[in-house]
Amino acid sequence: MKTFTAPQNLPHAVHAFGTREEAMPEVEQNIRLLTERLGPIAHMRQIHTDRIAYAARAGIYEECDALYTDRSDLWLAVKTADCVPILISSPQAVAVVHAGWRGLQMGLVAKTVHLLRQEFNLDAIDIFAHIGPCIRAHNYEVEADVAQHFPAKYVSPGRKKGKFMLDLAAVAARQLRDCDVPDLNIYDLNLCTYDQPSRFFSYRRDKKAGHDVQLSLVKLQRAKFS
C-alpha cells in the first residue's frame, strides 16, 4: 500500500495516509507490510460507535472507533473507505478517529479531544488535527433520517426528491472548533475518495464492504532537547 503525507506538517507527530495503490487484498496483509516498513501498529475493529480506547501495544483493539496513546514507539491506524479519518496530535499524545455519520452524530471527535485534554492536561491550542481522504458532500447523499441529526448548514438538497447531501468533513471540523481547537491547527486535505477511483477505495462508489479500505496512521514524536 502506497502512502503519502499531507503538505501541512502535523506538529508533535509523524503521519501517513494510505491509498489503494499497490494495496494487498486483505487489511491484515497491508498492516503487516506497513509494520515491516514503519514499525508496530495498533488498529481497531471499527463498529461506528463513540467508544475510545487507549493503545498500550501493537495489535487490534476490539469494538472502538477512536484510539489514543502517549507511546512514541507505536503507530495508530484508522481504516476508511468513505468515512472521515482524523489524525490528532499534541505534545503528549496522539489519536486516530473513525468518523462516519453515526460517530459524528454521537460527537466522537469532540469526545476524543476532551479526553486528551483531560488526561494529559492539555490546552485547546495544544491540539492539532488532519482530516484525511473521505467522501465529500457533493457525493454523499443520505436519507432524511440521517440528515436530521446535523445542522442545516452542513446539509443541502440531494439529487433526488427526499434526499440530502451531507458534508461529513465539515461536521468533523466543526466538532474540533467547538472544542476550541484553533482554525490554524486544523488541516483538511480536501480529497474525495469517491472522485479518485485509481487512488482511493470508496464504499459508495464500489459497493464493496470489508477489506477494501485505506489506512491513515499517526505516531507521537517527542521533542528532542540538546
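Refer to the preceding data block for the structure.
Now for a look at the structure at hand. (Residues numbered from 1 in each chain as written. Predicted model: local features only at pLDDT ≥ 70, side-chain atom pairs only at ≥ 80, totals over all residues. Heavy atoms only, no water.)

## Regarding the overall build of the chain
To keep it simple, the criterion reads: Elements are defined by DSSP. Helices are runs of H or I of four residues or more, strands are runs of E of two residues or more, and each kind is numbered from the N terminus. Note on method: radius of gyration uses C-alpha positions; expected globular size equals 2.2 Å times residues raised to 0.38. For each residue, the accessible area found with a 1.4 Å probe, counting protein chains only, is set against the maximum for its type, and the residue is called buried under 20%, exposed over 50%, and partly exposed in between.
Counting its secondary structure elements, the chain contains 6 helices and 15 strands. Radius of gyration (C-alpha) of the chain: 17 Å, near the 17 Å computed for a compact globule of 226 residues. Reported as C-alpha extents along the three principal axes, the dimensions of the chain are approximately 60 × 40 × 30 Å. Looking at the chain residue by residue over its 226 residues, the buried ones come to 51%.

## As for the sheet that holds strand β1 (residues 3–4)
Worth spelling out the cut-off: We call two strands paired when DSSP finds no fewer than two bridges between them. Working rule for contacts: check all heavy atoms of both residues, and any pair within 4.5 Å makes them a contact. Each axis is a line fitted through C-alpha atoms, taken for helices only over the stretch in contact, and angles between the N-to-C directions span 0 to 180 degrees.
In spatial order, the strands read β1-β2-β15-β7-β3-β5; together these 6 strands make up an open sheet with mixed pairing. Sheet topology places β1 and β5 (59–61) at the edges, where each strand pairs with a single neighbour. Looking at chain direction, β1 and strand β2 (residues 13–18) are connected through 2 bridges and run antiparallel. Bridge pairing in β2 links Thr-3 to Gly-18. Lying on the sheet, helix α1 (residues 27–38) is in contact with β1, β3 (41–44), β7 (75–80) and β15 (214–220); it crosses β15 at an angle near 35°.

## Description of the sheet that holds strand β14 (residues 186–188)
Reading across from one edge, β4-β6-β9-β8-β10-β14 is the order of the 6 strands in this open sheet, with mixed pairing throughout. Here the strands that pair on one side only, and so sit at the sheet edges, are β4 (52–54) and β14. The sheet shows a mean angle of 15° between the axes of neighbouring strands, direction not considered.

## Comments concerning the nonpolar core
Filter applied, for reference: Only buried residues count toward a nonpolar core, which is a set of Ala, Val, Leu, Ile, Met, Phe, Trp, Tyr and Cys residues joined through side-chain atoms within 4.5 Å.
Of all hydrophobic cores here, the largest spans 40 residues; its most connected members are Ile-86, Ile-88, Leu-116 and Leu-166. Among the elements of the structure, β6 (66–69), β8 (84–89), β9 (94–99), α2 (101–105), α3 (108–120), β10 (128–131), α4 (144–147) and α5 (168–178) are those that each provide at least two residues to this core. With residues up to four places along the chain from it excluded, the contact list for Ile-88 reads Ala-93, Val-94, Ala-95, Val-97, Thr-112, Val-113, Leu-116, Ile-127, Phe-128 and Ala-129. Grouped together as the second largest cluster of nonpolar side chains are 24 residues, Phe-17, Val-78, Leu-191 and Phe-200 included.

## A word on the pattern of salt bridges
To be explicit about the condition: Put simply, a salt bridge is a Lys or Arg side-chain nitrogen that is within 4 Å of an Asp or Glu carboxyl oxygen.
In this structure the tally under the stated criterion is 10 salt bridges. Glu-62 is the partner of Arg-45 in a salt bridge, and the nearest nitrogen-oxygen pair spans 2.6 Å. With a gap of 17 residues between them, Arg-45 in the loop between β3 and β4 and Glu-62 in the loop between β5 and β6 connect regions that are remote in the sequence. Here the salt bridges share partners, and the residues they tie into one network are Arg-20, Arg-205 and Asp-206.

## Thoughts on the side chain of His-130
Rules: Polar contacts here mean pairs of N or O atoms no more than 3.5 Å apart (in protein, one a potential hydrogen donor and the other a potential acceptor; neighbouring residues in sequence count only if both atoms are side-chain atoms).
On the secondary structure map, His-130 appears in strand β10. Note on His-130: relative accessible area 1%, which makes it buried. A polar contact of 2.9 Å, which involves the side chain of His-130, links it to the backbone oxygen of Gln-8. Ignoring sequence-local partners within four residues, the contact set of His-130 consists of Ala-6, Gln-8, Asn-9, Leu-10, His-15, Phe-17, Pro-85, Ile-86, Leu-87 and Tyr-187.

By themselves, these observations are geometric and do not establish any function.
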